[in-house]
Amino acid sequence: MDGFVIEITTMVRRPGYADEITEVTSGVHREGAEAARIVNLRPRLYNHPSMTVTVRSFAKINLGLRIGAARADGFHELLTVYQTIGLHDVIRVSVERGAGRGTQIEIRCADPRVPRDESNTCFRIVEKAMQSLRAKGRVVVEIEKRLPVQGGLGGASANAVAT
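(A) Layout of the overall build of the chain. Along the backbone of the chain there are 2 helices and 7 strands. Along the chain, from the amino end to the carboxyl end, the secondary structure elements read β-β-β-β-β-β-α-β-α. Within the span of the chain, comprising 163 residues, buried residues form 23% of the whole. Here the contacts in the chain between residues at least 6 apart in sequence split such that 58% fall between residues at least 24 apart. Only carbon and sulfur atoms are counted for the fraction: they give 54% of the accessible area of the chain, which is about 11600 Å².

(B) A look at the layout of surface pockets. In this model, the largest pocket occupies a volume close to 780 Å³. If you go around the largest pocket, you meet 31 residues; those closest to its centre are Thr121, Gly154, Gly155, Ala156 and Ser157. Within the lining of the largest pocket, the residues separate by chemical class into 13 nonpolar, 14 polar and 4 charged.

(C) Here's a closer look at the packing of aromatic side chains. Within this structure, the stated rule accounts for 0 aromatic pairs. One cation-aromatic arrangement involves Lys60 over Tyr82; the distance from NZ or CZ to the ring centre is 5.0 Å.

About the criteria used
- Residues numbered from 1 in each chain as written.
- Predicted model: local features only at pLDDT ≥ 70, side-chain atom pairs only at ≥ 80, totals over all residues.
- Heavy atoms only, no water.
- Helix = DSSP H or I, 4+ residues; strand = E, 2+ residues; numbered from the N terminus.
- Buried < 20%, exposed > 50% of the residue type's maximum accessible area, 1.4 Å probe, protein only.
- Contact = heavy atoms within 4.5 Å.
- Areas by Shrake-Rupley, 256 points an atom, 1.4 Å probe, with all protein chains shown as cover.
- 1 Å grid on protein atoms, 1.4 Å probe; cavity = no way out; pocket = protein on both sides within 12 Å on 5 of 7 lines; lining within 4 Å.
- Points joined across faces, edges and corners; volume = space filled by probe spheres on them.
- Nonpolar A, V, L, I, M, F, W, Y, C, P; charged D, E, K, R; others polar.
- Phe/Tyr/Trp six-rings, centres within 6.5 Å; stacked < 30°, edge-to-face > 60°.
- Lys NZ or Arg CZ within 6 Å of the ring centre and 35° of its normal.

Structure representation (structure tokens):
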């Protein structure tokens, strides 16, 4: 067997350069020596203008709940012990940077009982996050409902946290 070369090209992030990655080719030669060489020093952005993240949003059941006094904002102080269970919704969040001026938030769900406006917990959490980050763009939250709406399994709050 006259020499062989196996080359693998990977993308790596350079230390100190959070917004770019560099293409690196590594090879293994017949002598077993490993070689790595940088074949392209031009940065390639991994911070794409659009990206989608998909997560499961697990249901929870309360094992204990104590409702305290009402606060000034109309909500009550809560002390709760809960356990997540194996049922879940699926949440997909897509973000497009610089989509016009300001922030646009869209909630998508096939179940007509799920609100698509400011009353949706996912909408509110995206709105607060965008304000806190001073970010602008378009955010689409897709909710694939597998948990019953208002079924007492904490679906809405779990979806907000997953978002």
